[in-house]
Amino acid sequence: MTHVLLLGGTSGASQLAQALHQARIPAVFSYAGATLAPVAQPLPTRCGGFGGVPGLVQFIRSQGITHVVDATHPFAAQMSRNACAACDATGVPLLALERAPWQAEAGDRWLDVPDMAAAAQALPEDPARVFLAIGRKQLDAFAGRHQHHYLLRLVDAPQPGSLPLADTTVVLGRGPFSAAHDQALLQAHGITWLVAKNAGGEATRGKLLAARALGLPVVMVQRPPLPQRPRTEEVGTVLHWITHGVLPEAAGKVPSSP
């Protein structure tokens, strides 16, 4: 009997959860537990880590998982590596539902950097007002660049004194955000630089369109390397793979992640 483990956290994961529910395909949705109130899903849901590769292997076996879909955030590299290792150990097939990275277009002022430490160093020496659109897990990289004022947009309100940045404004919100909304946000806070992860997708692209409209420089952090695994951008392809055991011919030509 089919039983899918959907490793979620992205808008694509939520779309797939709806599709699995509508198709009446047994599945469990797994959140990393990064937010206090994750988006409700129409599938049985669990939150929190598995305990590394051994814990994930045990979960796959104990729950009779027949397919694993990695629809985590493109920067959740450790979870993706664990999923690859656990599927190799159990012989359970794995498919990544992974959106394509954004590409710079005419009018964009992007500076591509390999990681968050490089992003911090790419900011100017003179004081700037920086929108750190990176979540809260890697803020330590910017703690030494204390001359800047940082705008953070978070899902959950931080505990007092928990942020490593001295000069910070926090706004709360959960995407998607439109370009008009983000342009108004940047203008209201006098933002002069943007730091973003190259997550891809439409839900959080508004900030890039806003930066282009305002002529702002964008420090774009590239994705971490991941193990090679089959991947697709389409929910329909995932459903075909689950129900037929193979990718459709067109999707079979989609390259693996680098």
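Residues numbered from 1 in each chain as written. Predicted model: local features only at pLDDT ≥ 70, side-chain atom pairs only at ≥ 80, totals over all residues. Heavy atoms only, no water.

A. Region of interest: the confidence of the model for the protein chain. The share of residues in the protein chain with pLDDT of 70 or more is 96%, and the mean pLDDT across the chain is 92. Counting interchain partners and residues more than four positions distant, the pLDDT-below-50 stretch residues 250-258 has 16 contacts. (pLDDT = per-residue confidence, 0-100. Contact = heavy atoms within 4.5 Å.)

B. Local environment of the sheet that holds strand β5 (residues 94-97). Here 6 strands make up an open sheet; going across it, the order is β3-β2-β1-β4-β5-β12 and the pairing parallel. Lying at the two open borders of the sheet, with one neighbouring strand each, are β3 (45-47) and β12 (231-232). The strands touched by helix α2 (residues 52-62) within the sheet are β1 (4-7), β2 (27-31), β3 and β4 (67-70), with β1 carrying the most contacts at an inclination of about 145°. Packing of helix α3 (residues 77-90) onto the sheet brings it into contact with β1, β4 and β5, and relative to β5 it is tilted by some 160°. (Pairing = 2+ DSSP bridges. Helix = DSSP H or I, 4+ residues; strand = E, 2+ residues; numbered from the N terminus. Axes fitted to C-alpha atoms, helices over the stretch in contact; angles between N-to-C directions.)

C. Highlighting empty space enclosed by the protein. Counting across every chain of the model gives 1 cavity of 30 Å³ or more. Roughly 40 Å³ of internal volume is contained in the largest cavity. In terms of lining, the largest cavity is formed by Phe-142, Ala-143, Arg-145, His-146, His-148, Tyr-150, Leu-165, Ala-166 and Asp-167. For the lining of the largest cavity, the per-class residue count stands at 5 nonpolar, 2 polar and 2 charged. (1 Å grid on protein atoms, 1.4 Å probe; cavity = no way out; pocket = protein on both sides within 12 Å on 5 of 7 lines; lining within 4 Å. Points joined across faces, edges and corners; volume = space filled by probe spheres on them. Nonpolar A, V, L, I, M, F, W, Y, C, P; charged D, E, K, R; others polar.)

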